[in-house]
Amino acid sequence: MAIPLAYSMRNLWKRRLTTTLTVSGMALVVFVFAAVLMMAEGLQKTLVETGSYDNVVVFRKGSASEVMSGIDRQQAAIVEMVPQAAIGPAGRRLVAKEVVVLIALPKQGAGKASSHSNVVVRGVQENSIPLRPQVKLVSGRMFRMGSSEVIVGNSIAKGFTGVGLQGTLNWGMRHWTVVGIFDAGNTGFSSEIWGDVDQVMQAFRRPVYSSLIFKLRDPGSFEAAKTAIETDPRLTLEAKRETRYYLDQSEMMAKFLRILGLSLTIIFSIGAIIGAMITMYSAVANRIGEIGTMRALGFRRRSILAAFLAESLLLGCLGGAAGLFCASFMQFITVSTVNFQTFSELAFKFTLNVPIVMQTMAFSLVMGLIGGVLPAFRASRMKIVEALRAS
Amino acid sequence: MMLLKILFRNAFHNKLRSGLTILGITVAILAFGLLRTVISAWYAGVEAASASRLVTRNAISIIFPLPLAYNEKIRQIEGVKQVSYGNWFGGIYINEKNFFPNFCVEPRTYMAIYPEFVLDHAQQKAFFADRKGFVAGRKLAARFGWKIGDTVTLKGTIYPGNWDFVLRGLYRGRDETIDESQFLFHWDYLNETMKKASPGRADQVGFYMISVARPDLSPEVALAVDRTFKNTLAETLTETEKAFNQGFIAMSGAIVTAIQMVSFVVILIIMAVVANTMAMTTRERIGDYAIMKTMGFGGGAIAFMIFGESLVIALTGCIAGMILTFPAAAAFGDSLSNYFPIFLVSDETLWLDLLAALLIAFCAAIIPTRHAIRVGIADGLRRIG
């Protein structure tokens, strides 16, 4: 016969202060655990959503990102003719030659002079817009080709000074007017500034493109296009699916965050497990008489073990729920930091998904279990007579 | 005196519980210490920077170069003692995991501006004489087992191709705060190759290092340099080396802030654990306190006992944690030496450890003390066990 669960619950309720303290300790650990996973997930999700599966990025062999790459006009013209490219509505190929550079902009709110960060300026062509369906103008208008006008992603408009609508930026001895703000949702484009590719190249005196983007006519023909580009002796280029390209850019940072987070939470969980253990040991010590009585009434050792384990699992469950509850509010927070790999600013949101919820709850229950297992054994192995005598 | 004796006896009365709590505090202090050390490792570059060195780079952003012709112009500016220049090379050794900073520099002036890089005279001469030569920090060479005369190949990411270098010298840091994991080679090697491969990218310099005659001249020199190149195609931004390095850290500021926050969270977690222990202890001892009250001890004495007990437990754990921080930091620093070349536990960290332990002890004791003082004698005596 099992001891009812209500017994374990009542016990937790009886010692509210202790329960609250133990649960809050666990909740904090769970919170950190969940927050780190959410951060890594958010970063990866942002970069994965930036790319489209049937877009191909072409860049110079060996360069880790678009900023380091360089494609001269001649090579670009050869790639432009790739037969796998889709045809757009106007009967032209959906190929865009782009240039990507970094500029240092002052961050908003920070008073210190050196608080600059690198922002991506992407010189785009008319074709770039249909290639990036995520990008939508939210205020102002589109820049005119051939003019010193730019449009700014909403994360940049929010996080940096002087890039609001009608703001002016100065590079290459020219003034650039911000004429529009675009929203690219939860993608890396929201952290970019876009202008006309020829104007940007001219202003930065950079006579080469950074990358070529084209849409595949048939999503399955990627391998053919890749082979065509990479084996052409006139080209020194490399092709990747856009999704793969952006995923690669998030790898190092996401791995860093995960390792950091996991090693931290493992250390922290030791603290929380000890907390649970102390609580459970004292719960056992305070109830020796009770345990003796229950054993005398005929409850088995197994049932006693189960009751105390249930109590500590309940502690873990409460801690996990409280931690997750707090962590779910982190979803409203957007972090903007420099991605080590591309060396440019990237804004991303903490993202909570089902696997993270499961992992977090499992983690919390395991903490409760480890904390409770020794005290529960101690309780179940008490001798009836001695236990009854103790009170 | 008597109270003190009771206090110590009390602290270790329930050995299991006190032991567990002390273990918890030890782990927490250890984690706190390590996190603080990670943060200070992040700032190591800022700490090691000299106030009498300036860095000039393109005002647009660090990826844009400056013309080589600026070298002579900067040298003419008053207060400038010496000018050197270089580029970030961004080469990869075998694969991306083997990251280390690699620069090409103008070697003679660069070594003169950086007296903290100690290089043997003969090795220095050999390095200057060989255009394909490079010097590496002692730690870097040890990491890959390079010996003088070895050929090392880097794969260029910014400058395409495979580049061969010959190790001509190993530098030591002047003291232990100097990064010994850098890879420096001749700027001329890069430039001559670029002249052949892509002439448009030749005679371009990534940054200028300027040493000024006196540190107090730095702001004026910085302004003078930037003014000289105002309204040119490549405007400059000059700042002290400290500010320059700080700028890099500010970029990853969100992560530093996160680590900082987390290091406080660990203190909160352990505070909950210790507070729990103290709450249980006082609950068990309510009867004792009631007896003490009957004998005429006041609230002060009882508060003294509870706070004292909490302090004894917290400080024992704290000292154990502080002692363990050193071997842990050494092990941690070894495995992370690619990311953090400098990994030292600072005195400040130890003081913060102590402060944290005191804070834990006091906060944990507040609620139980209030409870113990308020409880009536009759109530306390009535409660058993």
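None of these values were measured; they are calculated from a predicted model.

Calculation notes
Residues numbered from 1 in each chain as written. Chains lettered and ligands numbered in written order. Predicted model: local features only at pLDDT ≥ 70, side-chain atom pairs only at ≥ 80, totals over all residues. Helix = DSSP H or I, 4+ residues; strand = E, 2+ residues; numbered from the N terminus. Rg over C-alpha atoms; globule rule 2.2 N^0.38 Å. Buried ≥ 20, exposed ≤ 12 C-beta atoms within 10 Å, placed from the backbone. Contact = placed C-beta atoms within 7 Å. Domains from an automatic or database assignment. Nonpolar A, V, L, I, M, F, W, Y, C, P; charged D, E, K, R; others polar. Pairing = 2+ DSSP bridges. Axes fitted to C-alpha atoms, helices over the stretch in contact; angles between N-to-C directions. Parallel < 35°, antiparallel > 145°, perpendicular 65-115°, else oblique. Left-handed = near helix turned anticlockwise from the far one by under 90°. pLDDT = per-residue confidence, 0-100. Core = buried A, V, L, I, M, F, W, Y, C linked by C-beta atoms within 7 Å. Expected span 1.5 Å × (residues − 1). Bend = angle between axes of the 7 residues up to and from the residue.

1. Here we look at the overall build of chain B
Then, in step 1: Scanning chain B for helices and strands turns up 15 helices and 12 strands.
Then, in step 2: Over its C-alpha trace chain B gives a radius of gyration of 30 Å, far above what one expects of a compact globule, namely 21 Å for 385 residues.
Then, in step 3: Its C-alpha atoms give chain B principal-axis dimensions of roughly 95 × 45 × 35 Å.
Then, in step 4: A total of 385 residues make up chain B; the buried ones form 42% of that total.

2. Examining the overall build of chain A
Then, in step 1: Helix and strand counts for chain A come out as 12 helices and 12 strands.
Then, in step 2: Whereas a compact globule of 391 residues would reach a radius of gyration of roughly 21 Å, chain A reaches 30 Å, over 25% beyond that.
Then, in step 3: For chain A, the C-alpha atoms occupy an extent of roughly 95 × 50 × 35 Å along the three principal directions.
Then, in step 4: Burial statistics for chain A: of 391 residues in total, 51% are counted as buried.
Then, in step 5: Once local pairs closer than 6 in sequence are excluded, the contacts in chain A between residues at least 24 apart make up 84%.

3. So, unusual backbone geometry
All names here are of chain B.
Then, in step 1: A positive phi is found at I94, a non-glycine position, where the angle reads about 60°.
Then, in step 2: By secondary structure assignment, the location of I94 is in the loop between β3 (80-88) and β4 (102-105).
Then, in step 3: Overall, I94 belongs to the exposed group, with 11 C-beta atoms counted inside 10 Å.
Then, in step 4: The phi torsion at N231 lies on the positive side, around 60°, for a residue other than glycine.

4. Overview of the interface of chain B and chain A
Then, in step 1: Taken together, the contacts link 43 residues of chain B with 47 residues of chain A.
Then, in step 2: Within the residue set of the side of chain B that touches chain A, elements represented by two or more residues are α2 (15-42), α10 (241-251) and α11 (253-284) of chain B.

5. Quick notes on the domain arrangement of chain A
Residues and elements named next belong to chain A.
Then, in step 1: Parsing chain A into structural domains produces domain 1 (5-48 + 249-390) and domain 2 (62-235).
Then, in step 2: If you average the C-alpha positions of domain 1 and of domain 2, the two centres end up 46 Å apart.
Then, in step 3: Residue-level contacts link 14 residues of domain 1 with 15 residues of domain 2.
Then, in step 4: Elements represented by at least two residues in the side of domain 1 that touches domain 2 include exactly α2 (16-50), β11 (334-339) and β12 (344-349).
Then, in step 5: Tallying contributions element by element places β12 first for the side of domain 1 that touches domain 2, with five residues.
Then, in step 6: Counted by class, the side of domain 1 that touches domain 2 contains five nonpolar, six polar and three charged residues.

6. Here's the deal with the pairing of strand β1 (residues 53-58) of chain B
Two faces, one strand: in a regular strand the side chains alternate between the faces of the sheet.
Residues and elements named next belong to chain B.
Then, in step 1: A large share of β1 lies buried, amounting to six of its six residues.
Then, in step 2: Relative to strand β11 (residues 207-212), β1 runs antiparallel, the two sharing four bridges. Within the sheet, the bridge partner assigned to L54 lies in β11 and is I210.
Then, in step 3: Note that β1 and strand β12 (residues 236-240) share five bridges and pair antiparallel. Looking across to β12, one finds that L54 is bridged to T240.

7. A look at the packing of helix α1 (residues 5-14) of chain A against helix α10 (residues 301-328) of chain A
Residue and element names in this part refer to chain A.
Then, in step 1: Direction vectors running N to C along α1 and α10 enclose 55°, while the axes themselves pass 9 Å from each other. It follows from the interaxial angle that α1 and α10 lie oblique. Crossing hand, α1 versus α10: right-handed. Together, L5, Y7, S8, M9, N11 and L12 of α1 and A307, A310, E311, L314 and L315 of α10 make up the contact between the two elements.
Then, in step 2: Here the contact of α1 with α10 is composed, by residue class, of eight nonpolar, two polar and one charged.

8. Considering the confidence of the model for chain B
Any residue range with low pLDDT should be treated as having predicted coordinates unsuitable for detailed reading.
Residue and element names in this part refer to chain B.
Then, in step 1: Per-residue pLDDT for chain B averages 88, and the proportion of residues at 70 or more is 99%.
Then, in step 2: Within chain B, helix α15 (residues 377-382) has the poorest average pLDDT of any element, 81, and strand β9 (residues 183-186) the best, 96.
Then, in step 3: Scoring of the predicted complex yields 0.81 for pTM and 0.75 for ipTM.

9. A look at the packing of α2 of chain B against α11 of chain B
All names here are of chain B.
Then, in step 1: Where α2 meets α11, the closest approach of the two axes is 10 Å, and the angle between their N-to-C directions is 170°. The pairing of α2 with α11 is recorded here as roughly antiparallel in orientation. Two secondary-structure elements touch here, α2 through R17, T21, G24, I25, A28, A31, F32, L35, R36, V38, I39 and W42 and α11 through V256, I259, Q260, V262, S263, V266, I267, I269, I270, V273, V274 and T277.
Then, in step 2: Classifying every residue of the contact of α2 with α11 gives 17 nonpolar, five polar and two charged.

10. As for the pairing of strand β3 (residues 116-124) of chain A
Residues and elements named next belong to chain A.
Then, in step 1: Of all nine residues that make up β3, nine are buried, and the element is covered over most of its length.
Then, in step 2: Side chains H116, N118, V120, R122 and V124 project from β3 onto one buried face, and the interleaved S117, V119, V121 and G123 project onto a second face that is buried too.
Then, in step 3: Bridging between strand β2 (residues 95-106) and β3 involves eight bridges; their strand directions are antiparallel. Counterpart to V101 in the pairing with β3 is V121.
Then, in step 4: Looking at chain direction, β3 and strand β8 (residues 192-196) are connected through five bridges and run parallel. Counted as the bridge partner of V121 is I193 from β8.

11. Some words on the environment of L350 of chain B
Residues and elements named next belong to chain B.
Then, in step 1: Relative to the assigned elements, L350 resides in helix α14 (residues 347-374).
Then, in step 2: On the neighbour-count criterion, L350 (17 C-beta atoms within 10 Å) is partly exposed.
Then, in step 3: Linking L350 and Y289, residues 61 residues apart in sequence, is a C-alpha distance of 36 Å.

12. A few points about the nonpolar core
Inside soluble globular proteins, nonpolar side chains tend to come together where they are buried.
Then, in step 1: Among the nonpolar cores identified, the biggest contains 226 residues, and V32 of chain A together with I269, V274 and I360 of chain B are the most heavily contacted of them.
Then, in step 2: Among the elements that line this core, the one with the most residues is α2 of chain A, at 19 residues.
Then, in step 3: Not counting residues within four places of it along the chain, the set of residues in contact with V32 of chain A comprises L264, T265 and F268 of chain A together with V262 and V265 of chain B.

13. A look at the domain arrangement of chain B
Residues and elements named next belong to chain B.
Then, in step 1: Once the domains are mapped, chain B shows domain 1 (2-44 + 253-382) and domain 2 (60-234).
Then, in step 2: Computed over C-alpha atoms only, the centres of domain 1 and domain 2 are separated by 49 Å.
Then, in step 3: Each side of the interface is counted separately: domain 1 has six residues, and domain 2 has eight residues.
Then, in step 4: Across the side of domain 1 that touches domain 2, the residue classes tally to four nonpolar, two polar and no charged.

14. Description of helix α8 (residues 242-286) of chain A
An α-helix turns once every 3.6 residues. As a result, residues three or four positions apart point the same way.
Then, in step 1: With 45 residues, α8 of chain A should reach 66 Å at 1.5 Å per residue; the first-to-last C-alpha distance of 63 Å fits that figure.
Then, in step 2: Of all the bends in α8 of chain A, the largest measures some 40° and sits at E251 of chain A.

15. Some points on α14 of chain B
Residues and elements named next belong to chain B.
Then, in step 1: A rise of 1.5 Å per residue sets the reference length of α14, with its 28 residues, at 40 Å; its end C-alpha atoms lie 41 Å apart and thus fit the reference within 8%.
Then, in step 2: Most pronounced at I366, the bend in α14 amounts to some 35°, and the proline P368 follows within four residues.
Then, in step 3: Of all the residues in α14, the buried ones are T349, D353, A356, A357, I360, A361, A364, A365, P368, T369 and A372.
Then, in step 4: Elements in contact with the buried residues of α14: α2, α11, α12 (286-294) and α13 (299-335).

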